[in-house]
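Report on the structure
Read off the chains here:
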Amino acid sequence: MDKKVIGVLGGGQLGRMMMEPANNLNLKVNILDAKGAPATQVQVSDHVDGDFKDEAKIQELAKKCDVLTMEIEHVNCDALDRVAKENPNIDIQPTPQTVRIIQDKFLQKEHLKNFNIPIPEYASVTDKQSILDIVNNKGFGYPIMLKSRKLAYDGRGNTVINNESEIENAIKTLNPTGADNALYVEKWVPYKKELAVMVARSKSGNTVSYETVETIQKDNICHIVFAPAQIDGLIQKNAKAIAEQAIACLYGAGIFGVEMFYLENGEILVNEIAPRPHNSGHYTIEACETSQFEQHIRAILDLPLGSTKMRVGAAAMVNILGTGDGEEGLADTLRPCQASMTIPGATVHLYGKRECRKGRKMGHITVTADTMPEVVEKVEKLLEYMPNGKK
Ligand code: ATP
Ligand code: MG
Ligand code: MG
């Protein structure tokens, strides 16, 4: 299909799920991560053993590849810029410029604001006094969401502040070393639902987007995704349009996940963007004509983009999060996966993580059916085997 070799920074579950469509297309994918990382277990071509933040290792990877991409936004963009300079033939997608904007959530908000993308109100903060000022004098009030600007994932990097007495602790939790420019605040969004749209753009600028889905977070971590979102058709369309506008103000090729809040009054606000395949798009593997992983590969290689149409009436994805640590934790964690074996239309994906830890994403289950009520029934069966379930 294409002689180009793809290099991927990071070999977690997203890199692992990129492998299957790459193999189907006879494409070579080179992963940079430690030996044994989820993606390296299913790798058929070469692999660079090391840390994806290690510049020397990125250079080593770049020498073996034509296109560099990433499965995580927390990469060293300065190193990527140097790699691009030293290897004029390497194509880095999405571009380090885009990743640099996205990986700092405060910069991301500033960028989206400059392009008039609707976002929650936010403000930079330095200390307790500055938070008090924003709460009391800038109309933010309580609760208020304190966020780390960088390295956030799965809600680790968010702390809700409900009153003045919680401010100091919240700052200490998120910024124990007292580093400069580490935090910012967002006004609390009393959303009705959380929505997400996957948008792909090829190198030559063609753009496609998937159905708007509903994401349900538990303890700030994605728990369930319903596709399509069970919302008014107009809201579906608006969410898609806003997601496409948000991606239009970024540069480079690839797939992007756009997380949004949908408010009671119909307003839609962008929460954040991921410059890579996204948890809310895992359902596309079974439920769409082209999976988000294949779409990403097509986009960065400038192949024609695939159809985003759903092949089934409805789908859901349930994340399998570690319920406890070690072997014992794993046995308990896998109970819904075993239960899914007797549910028609359920597909398990386990990520091959070497150790089970409480709260860690260990896998997911997708269920498909002709209608959403059937999907919901199947999801409810799975939930019986999860923490606080009946079985
Ligand atoms: P991800 O794993 O998606 O990268 P993250 O760590 O970057 O997560 P966010 O997406 O910022 O974190 O927030 C996680 C969740 O916290 C959101 O999906 C939402 O449920 C809640 N949340 C975030 N910001 C706000 C806000 N301003 N108001 C209300 N809830 C919020
Ligand atoms: Mg995030
Ligand atoms: Mg998020």
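Note that the structure is a prediction, hence the values are computed from the model and not measured.

Next up on the list: the sheet that holds strand β3 (residues 47-49). Strand order in the open sheet made by the five strands is β3-β2-β1-β4-β5, with parallel pairing throughout. Two strands close off the open sheet at either side, each with one partner strand: β3 and β5 (91-92). Against the sheet, helix α3 (residues 77-86) engages β1 (5-9), β4 (67-70) and β5, with an angle of about 170° to β4.

Another aspect to go through is the coordination of the magnesium ion (ligand 2). Taken together, Glu-272 (OE) and Glu-272 (OE) make up the protein donors of the magnesium ion (ligand 2), found 2.2 to 2.4 Å from the metal. Mapped onto the secondary structure, Glu-272 falls in strand β15 (residues 268-274).

Glancing now at a negative patch on the surface. A cluster of like negative charges, contributed by Asp-370, Glu-374, Glu-377 and Glu-380, occupies part of the molecular surface. Tracing the sequence through the fold places Asp-370 in the loop between β18 (361-369) and α13 (372-383). By relative accessible area, Asp-370 is classed as exposed at 63%.

Next up on the list: the environment of Ile-224. Along the chain, the position of Ile-224 falls in strand β13 (residues 221-227). Residues Ile-224 and Val-379, 155 residues apart in the sequence, show an inter-C-alpha distance of 8.9 Å. Setting aside residues up to four positions removed in sequence, Ile-224 forms contacts with Glu-214, Thr-215, Ile-216, Met-317, Val-318, Val-379 and Leu-383.

Looking at the magnesium ion (ligand 3), one finds its protein donor set to be Glu-259 (OE), Glu-259 (OE) and Glu-272 (OE), positioned 2.0 to 2.7 Å from the metal centre. The metal-metal distance between the magnesium ion (ligand 3) and the magnesium ion (ligand 2) is 3.7 Å, with Glu-272 coordinating both. Pair noted here: Glu-259 is in strand β14 (residues 254-263) and Glu-272 is in strand β15, with a separation of 13 residues, a long-range link. Summarising the burial analysis for this pair, Glu-259 and Glu-272 share the class buried.

Relative to the elements of secondary structure, Glu-73 occurs in the loop between β4 and α3. Classification of Glu-73 as buried rests on a relative accessible area of 7%. At a separation of 2.5 Å, a polar atom in the side chain of Glu-73 contacts the side chain of Arg-276. Not counting chain neighbours up to four residues away, the residues in contact with Glu-73 comprise Val-99, Ile-102, Gln-103, Pro-275 and Arg-276.

Right, let's talk about the pairing of strand β10 (residues 191-201) for a bit. Counting buried positions along β10 yields nine of eleven residues, so the element is predominantly enclosed. Alignment of β10 against β14, held across ten bridges, turns out to be antiparallel. In the sheet register, Ala-200 faces β14, and the bridge partner there is Ile-255. Relative to strand β12 (residues 213-218), β10 runs antiparallel, the two being bridged by three bridges. Looking at β12, one finds that Glu-194 is bridged to Thr-215. Two strands pair when backbone bridges link them, and β10 and strand β11 (residues 207-209) are joined in this way by three bridges, in the antiparallel orientation. The partner of Ala-200 across the bridge, within β11, is Val-208. In this antiparallel pair of consecutive strands, β10 and β11, the connection spans five residues, and Gly-205 shows a positive phi of 100°.

This part is about the pattern of salt bridges. Counted according to the given criterion, the structure contains 21 salt bridges. Of the charged contacts, one joins Lys-361 and Asp-154 as a salt bridge, the two residues approaching to 2.9 Å between their closest N and O atoms. One end of the pair, Lys-361, is in strand β18; the other, Asp-154, is in the loop between β7 (144-148) and β8 (158-161), with 207 residues separating them in the sequence. Considered together, Lys-361 and Asp-154 belong to a single accessibility category, that of buried residues.

Okay, the nonpolar core next. Counting residues in each nonpolar core, the largest one holds 28 residues, and the members touching the most others are Leu-112, Leu-195, Val-258, Met-260, Val-270 and Ile-273. Here this core gets six residues from one element, more than from any other, and that element is helix α8 (residues 233-248). Here Val-270 is in contact with Leu-112, Ile-117, Pro-118, Ile-119, Pro-120, Ile-242, Val-258, Glu-259 and Met-260, once residues within four sequence places are set aside.

Here is what the cut-offs are and how they apply
Residues numbered from 1 in each chain as written. Chains lettered and ligands numbered in written order. Predicted model: local features only at pLDDT ≥ 70, side-chain atom pairs only at ≥ 80, totals over all residues. Heavy atoms only, no water. Pairing = 2+ DSSP bridges. Helix = DSSP H or I, 4+ residues; strand = E, 2+ residues; numbered from the N terminus. Contact = heavy atoms within 4.5 Å. Axes fitted to C-alpha atoms, helices over the stretch in contact; angles between N-to-C directions. Donors = N, O, S within 2.8 Å, 3.2 Å for Na, K, Ca; no water. Patch = residues over 30% accessible without salt bridge, like charges linked within 9 Å, V, L, I, M, F, W, Y side chains within 5 Å. Areas by Shrake-Rupley, 256 points an atom, 1.4 Å probe, with all protein chains shown as cover. Salt bridge = Lys/Arg side-chain N within 4 Å of Asp/Glu carboxyl O. Lys, Arg positive; Asp, Glu negative; His and termini not counted. Charge placed at Lys NZ, Arg CZ, Asp CG, Glu CD. Buried < 20%, exposed > 50% of the residue type's maximum accessible area, 1.4 Å probe, protein only. Polar contact = N/O pair within 3.5 Å; in protein donor to acceptor, adjacent residues only side chain to side chain. Core = buried A, V, L, I, M, F, W, Y, C linked by side-chain atoms within 4.5 Å.

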